[in-house]
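Structural description and commentary
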Amino acid sequence: MHQRVGPPYSQDLVRRLAEAEVVAVLTGAGVSAESGVPTFRDPDGLWQKFRPEELANVDAFLRNPTLVQGWYAHRRAVVEEVAPNPGHAALAELEALVHERGGTFLLITQNVDGLHQRAGSEHVVELHGSLMRSYCVDCERSVSRDELAAIESGEAAACAACGGLIRPDVVWFGEMLPEAALRQAEAAAVASDVFLSVGTSGVVFPAAGLPLAAGAAGAYVAEVNPVASEIARHLDETVRGRAGEVLPDLLRAVRALR
Ligand code: BV8
Ligand code: ZN
């Protein structure tokens, strides 16, 4: 296969992004990788050290709440140490660009790190929840950060109101995704003219089904990933590269077309 000269994306994608009325983007852990947040399934990813079955599901949590609360406290600390990277910034800029021309934009993320919001993205749907929010499993009250302090000393953090266990507001395996978020994401996917899938392995459903639903409804679907995802063969274009490098360059090309 000849080595493509020039940018890793097609001029067709640039033109489509410059003209699209509706743009939707799905992001995964890969978009936060360049900020220093470990992904899940890369060789140095979280699932290499921990098994998801041991941590990211409710049985594991009830079996060993202190371990799971500690793991999420660690991931919160990591996220609070890092900053959004140029890939996050480029997606916030794309949103502004689409809005400037009266279009519609939605950023659908599987990430729970809140980095898109910190980069300035406004229309963000968190399909898998957020590390930054926790709630009581019994009374479902949202709990404040200081109620999590016990975790630092290796104790189980319990709800100040009813003594129930506190869990992170993330979607674990086998749990339903937040209904409204999923509905909003599906609607944006099928309405989109261009759908970008950035930094996701395309393994976890129903999120990984969104680019496929977009394509089936007529969107032009491209992924940005250094390696092909599980869904790459179904997409119109696969852009080989890192989000922090490709997206800013792609945005410059789109702006130049205006
Ligand atoms: C549901 C928790 C069910 C939050 C996560 C069998 C048994 C049980 C369930 C299932 C089953 N088979 C299928 C299922 C459904 C299951 C599923 O899909 N399992 C998979 C593994 C087969 N899904 C669920 O359980 C979902 N719930 O389906 O409900 C149901 C249905 C009806 C009624 C009742 C219940 C829940 C899914 C959410 C699970 N939660 N995490 C947390 O702790 O973070 S999953 C975890 O994976 C994260 O949430 C993450 O968002 C998600 C996806 O991972 P990615 O973001 O794609 O990250 P990954 O590391 O995989 O890939 C990174 C990519 O980036 C790579 O491709 C890499 O090449 C690329 N990259 C690296 N560097 C860069 C880069 N790209 C660009 N630039 C770079 N620089
Ligand atoms: Zn409670």
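Residues numbered from 1 in each chain as written. Chains lettered and ligands numbered in written order. Predicted model: local features only at pLDDT ≥ 70, side-chain atom pairs only at ≥ 80, totals over all residues. Heavy atoms only, no water.

Further remarks concern the domain arrangement of the protein. Interfaces are often sized by the accessible area lost when the parts come together. Looking at the protein, the domain boundaries give domain 1 (2-37 + 84-128 + 177-257) and domain 2 (45-81 + 132-170). On the side of domain 2, eight residues touch domain 1, which itself brings seven residues to the contact. Contact between domain 1 and domain 2 buries roughly 530 Å² in total, counting both sides, with carbon and sulfur atoms accounting for 54%. In this structure, the connection of domain 1 to domain 2 is made through one salt bridge. Ionic pairing is found between Arg-133 and Glu-126, a salt bridge with its closest N-O pair at 3.1 Å. (Domains from an automatic or database assignment. Contact = heavy atoms within 4.5 Å. Buried area = accessible area lost by both parts, 1.4 Å probe. Salt bridge = Lys/Arg side-chain N within 4 Å of Asp/Glu carboxyl O.)

Moving on to the environment of Ala-243. Tracing the chain through its elements places Ala-243 in helix H12 (residues 243-257). Along the primary structure Ala-243 and Leu-91 are separated by 152 residues, whereas in three dimensions their C-alpha atoms are 9.7 Å apart. Ala-243 has contacts with Val-31, Glu-34, Gly-87, Val-198, Val-224 and Pro-248, leaving out every residue within four places of it along the chain. (Helix = DSSP H or I, 4+ residues; strand = E, 2+ residues; numbered from the N terminus.)

A word on the sheet that holds strand E9 (residues 237-240). Pairing in this open sheet of six strands is parallel, and the strands run E3-E2-E1-E7-E8-E9 from one edge to the other. Strand pairing shows two members of the sheet lacking a second neighbour, strand E3 (124-126) and E9, which therefore form its edges. Averaged over all pairs of adjacent strands, the angle between their axes in this sheet comes to 20 degrees, without regard to strand direction. With three bridges joining them, strand E2 (residues 104-109) and E3 adopt parallel strand pairing. (Pairing = 2+ DSSP bridges. Axes fitted to C-alpha atoms, helices over the stretch in contact; angles between N-to-C directions.)

The next point concerns the site of ligand 1. The local shell around ligand 1 holds 34 residues, among which Arg-41, Tyr-72, Gly-174, Thr-200 and Ser-201 are the closest. Between an oxygen atom of ligand 1 and a side-chain N or O atom of Arg-75, the distance comes to 2.8 Å. Elements represented by at least two residues in the shell around ligand 1 include exactly helix H2 (30-33) and helix H6 (65-81). When grouped by side-chain class, the residues that make up the shell around ligand 1 number 18 nonpolar, 10 polar and six charged. (Near = heavy atom within 4 Å. Polar contact = N/O pair within 3.5 Å; in protein donor to acceptor, adjacent residues only side chain to side chain. Nonpolar A, V, L, I, M, F, W, Y, C, P; charged D, E, K, R; others polar.)

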